[in-house]
Amino acid sequence: MLWETFLLALREIRRNVMRSSLTALGIIIGVASVIIMVTLGAGATAKVTADIGELGKNLIHIRPGQWHGPGGAHIRGNPLELSDAAAIEHQIPDLIAVAPASNKAIHAIYGNQNWSTSVTGSTNAFLIVRNWEIGMGRKFSESEIKGGKSVCILGSTVKKQLFGGENPIGAMIRLGRISFKVIGVFRPKGQSSFGTDQDDFVFIPLKTLQRRITGKTTVSSIFVSAMDGVSTKKVKKEIELLMRERRHIKQGKEDDFRVMDMQEIVNMMTRTTGVLTALLSAVAAVSLVVGGIGIMNIMLVSVTERTREIGTRLAIGAMERDVLMQFLVEAVVLSSLGGICGILLGLAGASAGARALSVPFVFKPGIVAIAFAFSVAVGIIFGYFPARKAARLDPIEALRHE
Amino acid sequence: MENKKINNFESSRHPLIELANVTRIYGTGDARVSALKGIDLCIENGEFVAIMGASGSGKSTCMNVLGCMDTPTSGSYLFEGIDVGLLSGNQRALLRRYYFGFVFQGFNLLNRTSALENVELPLIYRRIPAGERKARALEALSAVGLDNRWKHTPAELSGGQQQRVALARAMVSKPEVLFADEPTGNLDSVRSLEVMDLLTEFNKINKITIIMVTHDPEMAKYATRQIIFRDGMIQGSK
């Protein structure tokens, strides 16, 4: 019987193709926009997470000073020392690598090419903790690091700006007033989710930077990479304790340094995209409700148009329940067909949008199921009133209806 | 079969339809209209009854009450001994589904639906499986001489043919009673005679009790009994 009712509903919908599709359009747009919003939101989150993964696996970042966001308290702490990095390396367990690093804005010059970039000084450990791979050439040797030699590895942007298609290995470039020999080029990482070009820097040994460029023995940050499966939260706690001890910070006093694990940054970023996605989806969901009202409207028209048919059915032996089901099923079939079209349109739109925004296309079966369930629910909710109106018709008056 | 009839002696004592002092009043206060003013009527199984009368005489109201589409304001209506007044709306729908067939003046076929599907409709509500349903619908269509037109929609059929489809729809479920409300009202005389012949055939051969409302004495002649209504009362019968 339900199957008969379903077929009947399909036939009624086919009978008024134009009207039915315009009616379903509200649902189609609603479902499609919810799917586009959620899928793109998930894609953005995935991209942020992946980008932060690019920064380095299980990365923990230590900086002097304590910030409480823009306009908040700003404690300027003592700078970090190389000995801090050594202490962390020796006293904290479960670490893969510790890389003290400093950087400075600088002009890189090769021949008549001039590029404004930054120079980062660190050890080979930096490559591990920040997940950099050598694309061409080699990394530093021990003696180059220890001896503070004037060698450099180029980020791919700097390489492109200075050398174009030329092979830079072995060439001499100038950073500020000092000559450096190019020994390698990093594999490109591309833009970060913060919109900065990660490949726009020159990498040199820390000692060379301290001695020949900044003239300071301090470092601006220490990067630490924890082992896989180790809680970065726990490692972060241990580093904080160690640093407080080393800096003689009394109980109850605030840190004058900051330890951040990447999970915090990931959480912060995903929370932002999550809120945005929810907000946009809510707006999209409103159009689902509008679509439902459209369905109710057209079902009411249909009940009036088919009053005689309803009367005939009631006379022939249909119970109120049968008529109710007939119109309810029709509304639900209409809305769920709209839902299916909306899902297909939404997925197509989301995949196009993902390409345009260069975020990954993340297919979420959950949201597809929810969108479908929603469109069915809209059919039931907004179809019920017209269906009940049809079922409650008086058969005699319905038969007399012109 | 014979045994069953003897065992059911109690129930077979009842006439098919028995109205006792039935009234039907519409509206309240000043707008009160008494459509039926105390009807006593008994119809036996196998009869072909014509209900006649001028418009407004209460014949249609009586038919609606008999067909369980309407309920009496007072008085009792026994169908095979069952007090219809005690039944719920759904029970009355089931009574229509399993015991009654209807033919209307305006045919009331479903638009853009083939003759076959129109005839199948009562069987769908009886939950009869598709295969048997189609066979029985075709059989009913051939009984009205339209088995070659089963694919046609009402718009593709003449008035007479439409009413024959409606007749097939009414008798396909082998009802006990077939109610016909001015079945020839929209037809010319030749088509009317065809319809009346079919009704007579259903009554004689298929043993279906027929209750027909008409204002046309020519049509009423086909009936075995004529009941004449006037001002909500039965004026006489012959």
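Just so it is clear, the structure is predicted and the values come from calculations on it, not from any experiment. (Residues numbered from 1 in each chain as written. Chains lettered and ligands numbered in written order. Predicted model: local features only at pLDDT ≥ 70, side-chain atom pairs only at ≥ 80, totals over all residues. Heavy atoms only, no water.)

### Overview of the pairing of strand β6 (residues 100–103) of chain B
All names here are of chain B.
Here is step 1: Alternating residues of β6 divide into Phe100 and Phe102 and Gly101 and Val103, and every residue in both groups is buried.
Here is step 2: Note that β6 and strand β7 (residues 177–181) share 4 bridges and pair parallel. Its bridge partner lying in β7, Gly101 is registered against Leu178. (Buried < 20%, exposed > 50% of the residue type's maximum accessible area, 1.4 Å probe, protein only. Helix = DSSP H or I, 4+ residues; strand = E, 2+ residues; numbered from the N terminus. Pairing = 2+ DSSP bridges.)

### What to know about the domain arrangement of chain A
Here is step 1: Domain annotation of chain A identifies domain 1 (2–50 + 267–400) and domain 2 (79–246).
Here is step 2: Between domain 1 of chain A and domain 2 of chain A, the C-alpha centre-to-centre distance is 55 Å. (Domains from an automatic or database assignment.)

### Focus: the sheet that holds strand β8 (residues 209–213) of chain B
Residues and elements named next belong to chain B.
Here is step 1: As summarised here, the arrangement of the 6 strands in space is β6-β7-β8-β3-β9-β10, forming an open sheet in which the pairing is mixed. Each edge of the sheet is formed by a strand with only one pairing partner; in this case those strands are β6 and β10 (233–237). This sheet shows a mean twist of 20 degrees between the axes of neighbouring strands, independent of strand direction.
Here is step 2: Here 5 bridges tie strand β3 (residues 48–53) to strand β9 (residues 225–230), and the two strands are oriented parallel to one another. Looking at β9, one finds that Gly53 is bridged to Phe229.
Here is step 3: Helix α4 (residues 89–99) contacts β6 and β7 of the sheet and is inclined by roughly 80 degrees relative to β6. (Axes fitted to C-alpha atoms, helices over the stretch in contact; angles between N-to-C directions. Contact = heavy atoms within 4.5 Å.)

### Here we look at the packing of aromatic side chains
Here is step 1: Tallied over the entire structure, the rule returns 16 aromatic pairs over all chains.
Here is step 2: With a centroid separation of 5.1 Å and an interplanar angle of 40 degrees, the aromatic rings of A:Trp132 and A:Phe186 are classed as tilted. Remark: A:Phe186 occurs in strand β10 (residues 178–186) and A:Trp132 occurs in the loop between α4 (125–129) and β7 (134–137); sequence separation between them is 54 residues.
Here is step 3: Overall, A:Trp132 belongs to the buried group, its relative accessible area being 8%.
Here is step 4: When the ring of B:Phe102 is compared with that of B:Phe179, the centres are 5.5 Å apart and the planes differ by 25 degrees; the resulting orientation is stacked. With B:Phe102 in strand β6 and B:Phe179 in strand β7, this residue pair connects regions lying 77 residues apart in the sequence.
Here is step 5: Look at B:Phe179 and you get buried, because its relative accessible area is 0%.
Here is step 6: Taken together, the ring pairs in this structure connect A:Phe126, A:Trp132, A:Phe140, A:Phe186, A:Phe201, A:Phe203 and A:Phe223 into an aromatic cluster.
Here is step 7: One cation-aromatic arrangement involves A:Arg130 over A:Phe223; the distance from NZ or CZ to the ring centre is 4.8 Å. (Phe/Tyr/Trp six-rings, centres within 6.5 Å; stacked < 30°, edge-to-face > 60°. Lys NZ or Arg CZ within 6 Å of the ring centre and 35° of its normal.)

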